[in-house]
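Coordinate analysis (summary)
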Amino acid sequence: MQQVRCQVRGVFVAINDAATVPVVVLTDGTGRLMPIFVGLWEAVSINNAQNNVVPPRPLTHDLFLDLMERFSIGVHHLQIDSADEGVYFAQLVLAADGREECLDCRPSDGIAVALRAGAPIFVDEELLAAAEQGEGIPEMVDLSEFLQK
């Protein structure tokens, strides 16, 4: 299973006749894009992390990272490694005391934590290729613009 390092290209809102859904778009830097549909609060959290916005009180992902830091647990990386019926699965790889542990997580939570920790995000090559062959990227608006309307 080959892993490709990706970055968050942005947090958007996909708009169509049926729904308005937040989406995080990952890219491998070669033009390939992988949209991941997420919940609104996860989208806001990822957008905050990407833009270095620090809320006055810690949000859940901030709290999780603070707890890990106090117990000397680091985030090694996030790996988005499988999908089932359009739902992606991920593992947050943590490091402590010279060993690594994998935690099953939703990609949205993993991305929010990895961004805050400055940890790399990896996507399975087959998932990235499949996303490129999929239905394409829907019409999107930047999340920050959408929330200001």
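Higher on the page you've got the structure.
Below is a short write-up of the structure. (Residues numbered from 1 in each chain as written. Predicted model: local features only at pLDDT ≥ 70, side-chain atom pairs only at ≥ 80, totals over all residues. Heavy atoms only, no water.)

**Section: the overall build of the chain**
For the record, the criterion: By definition, any uninterrupted DSSP run of H or I lasting at least four residues is a helix, any uninterrupted run of E lasting at least two residues is a strand, and each is numbered from the N terminus. Taken over C-alpha atoms, the radius of gyration is set against a globule rule of 2.2 Å times the number of residues to the power 0.38. Burial classification: accessible surface area is computed with a 1.4 Å probe over protein chains only, and a residue below 20% of its type maximum counts as buried, one above 50% as exposed, and the rest as partly exposed. When charges are counted, neither His nor the chain ends are considered; positive counts come from Lys and Arg and negative counts from Asp and Glu. Note on charges: their place is set at NZ of Lys, CZ of Arg, CG of Asp or CD of Glu.
Scanning the chain from terminus to terminus reveals 5 helices and 8 strands. For 149 residues, the compact-globule estimate of 2.2 N^0.38 gives 15 Å, and the chain sits close to it at 15 Å. Once the C-alpha set of the chain is aligned to its principal axes, its extents read approximately 50 × 40 × 25 Å. Burial status across the chain gives 44% buried among its 149 residues. Across the chain, the 9 positively charged side chains and the 22 negatively charged ones have centroids separated by 9 Å.

**Let's talk about the packing of helix H1 (residues 40–50) against helix H3 (residues 107–117)**
To keep things clear, this is the line we draw: Only the contacting stretch of a helix is used when fitting its axis, a line to C-alpha atoms as for every element, and angles between N-to-C directions run 0 to 180 degrees. Oblique is the label for any angle not covered by the other classes, which are roughly parallel (under 35 degrees), roughly antiparallel (over 145) and roughly perpendicular (65 to 115). By definition, turning the near helix anticlockwise from the far helix through less than a right angle yields a left-handed crossing, and turning it clockwise yields a right-handed one. Note on contacts: a residue pair is in contact if any heavy atoms of the two residues lie within 4.5 Å. Each residue receives one of three labels: charged for Asp, Glu, Lys and Arg, nonpolar for Ala, Val, Leu, Ile, Met, Phe, Trp, Tyr, Cys and Pro, and polar for the others, Gly being one of them.
Packing of H1 against H3 brings their axes to within 9 Å, and their N-to-C directions diverge by 20°. Classified by the angle their axes make, H1 and H3 are roughly parallel. Crossing handedness for the pair H1 and H3: left-handed. Facing Glu42, Ser45, Ile46, Asn48, Ala49 and Gln50 of H1, the residues of H3 in contact are Ser108, Asp109, Ile111, Ala112, Leu115 and Arg116. Looking at the contact of H1 with H3 residue by residue, the class counts come to 5 nonpolar, 4 polar and 3 charged.

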